[in-house]
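A look at the structure
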Amino acid sequence: MIDADADRADALFHALADRTRRDILRRVLAGEHSVSALAQNYAMSFAAVQKHVAVLERAGLVTKRRRGREQLASGEVEAVRSVAALLSELEQIWRGRVVRIDALLAADPDQEE
């Protein structure tokens with residue numbers, strides 16, 4: 001199970017590592033967009049935007065559905081919440097280390113007053 005969680009985290013952070021994908025995610029979290037409408041916002045080919053959307057979809061951050069010939073993309077709020085939870089967990093680990101360092105410094109008998 002831990003490997004599956006690690007793989008999921010890797011996919012999420014890989015998807016979010018790219019500026020264009022983060023921008024696409026912001027747009028589709030605000031509302032459903034066709035992939036062709038999304039592509040008009042970027043100085044790249046439709047195929048390149050499709051690939052970015054596919055990375056977001058594989059990570060679970062975006063879902064797609066068909067309406068006729070269009071592919072409509074929507075953001076997945078629960079997946080974004082899982083990213084926030086992962087970051088919160090990492091922050092708590094970091095804060096715990098800072099508290100321990102502060103405690104060690106306070107207990108140091110060689111510390112000058």
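Residues numbered from 1 in each chain as written. Predicted model: local features only at pLDDT ≥ 70, side-chain atom pairs only at ≥ 80, totals over all residues. Heavy atoms only, no water.

1. Focus: the pairing of strand 2 (residues 62–67)
The sheet contact formed by strand 2 and strand 3 (residues 70–75) spans six bridges and is antiparallel. Bridge assignment links threonine 63 to a residue of strand 3, and that residue is serine 74. Counted along the chain from strand 2 to the antiparallel partner strand 3, the turn is two residues long, and its residue glycine 68 has a positive phi close to 65 degrees. (Pairing = 2+ DSSP bridges. Helix = DSSP H or I, 4+ residues; strand = E, 2+ residues; numbered from the N terminus.)

2. Observations regarding helix 4 (residues 46–58)
Here helix 4 spans 18 Å end to end across 13 residues, near enough to the 18 Å set by a 1.5 Å rise per residue. For helix 4, every residue scored as buried is listed here: Val49, His52, Val53, Val55 and Leu56. With its buried residues spanning 155 degrees around the axis, helix 4 presents them on a single face. Structural note: helix 4 exposes Lys51 and Arg58 on the side pointing more than 90 degrees away from its buried face. Once helix 4 ends, the next one or two residues include glycine 60, with phi positive near 85 degrees. (Expected span 1.5 Å × (residues − 1). Buried < 20%, exposed > 50% of the residue type's maximum accessible area, 1.4 Å probe, protein only. Arc of directions from axis to C-beta.)

3. Here's the deal with the side chain of glutamine 71
Looking at the secondary structure, you find glutamine 71 in strand 3. Under the relative-accessibility criterion, glutamine 71 is labelled buried at 18%. Side chain to side chain, glutamine 71 and lysine 64 meet in a polar contact 2.9 Å long. Excluding its chain neighbours within four sequence positions, the residues that come into contact with glutamine 71 are His33, Ser34, Val35, Gln50, Lys64, Arg65 and Arg66. (Polar contact = N/O pair within 3.5 Å; in protein donor to acceptor, adjacent residues only side chain to side chain. Contact = heavy atoms within 4.5 Å.)

4. Some words on the nonpolar core
In this structure, Ile24, Val28, Leu38, Val49, Val53, Leu61 and Val62 are the most contacted members of the largest nonpolar core, which totals 20 residues. Tallying contributions element by element places helix 4 first for this core, with four residues. Beyond its immediate stretch of four places on either side in the chain, valine 62 contacts Leu25, Val28, Val53, Leu56, Glu57, Ala73, Ser74 and Glu76. (Core = buried A, V, L, I, M, F, W, Y, C linked by side-chain atoms within 4.5 Å.)

5. Overview of the packing of helix 2 (residues 19–30) against helix 4
Close contact between helix 2 and helix 4 brings their axes to 10 Å; oriented N to C, the two are set at 75 degrees. Relative to helix 4, the element helix 2 lies roughly perpendicular. Residues Thr20, Arg21, Ile24 and Leu25 of helix 2 form the contact with helix 4, whose participating residues are Val49, His52, Val53, Val55 and Leu56. (Axes fitted to C-alpha atoms, helices over the stretch in contact; angles between N-to-C directions. Parallel < 35°, antiparallel > 145°, perpendicular 65-115°, else oblique.)

6. Topic: the sheet that holds strand 1 (residues 33–34)
Taken in spatial order, the three strands of this open sheet run 1-3-2, and their pairing is antiparallel. Strand pairing shows two members of the sheet lacking a second neighbour, strand 1 and strand 2, which therefore form its edges. Of the strands in this sheet, strand 1, strand 2 and strand 3 touch helix 2, which is tilted by about 90 degrees from strand 3. Where helix 4 meets the sheet, its contacts fall on strand 2 and strand 3, and the angle it forms with strand 2 comes to roughly 120 degrees.

7. Some thoughts on a negative patch on the surface
On the surface, Asp3, Asp5, Asp7 and Asp10 cluster together to form a negatively charged patch. In this structure, aspartate 7 sits in helix 1 (residues 2–16). (Patch = residues over 30% accessible without salt bridge, like charges linked within 9 Å, V, L, I, M, F, W, Y side chains within 5 Å. Areas by Shrake-Rupley, 256 points an atom, 1.4 Å probe, with all protein chains shown as cover. Salt bridge = Lys/Arg side-chain N within 4 Å of Asp/Glu carboxyl O. Lys, Arg positive; Asp, Glu negative; His and termini not counted. Charge placed at Lys NZ, Arg CZ, Asp CG, Glu CD.)

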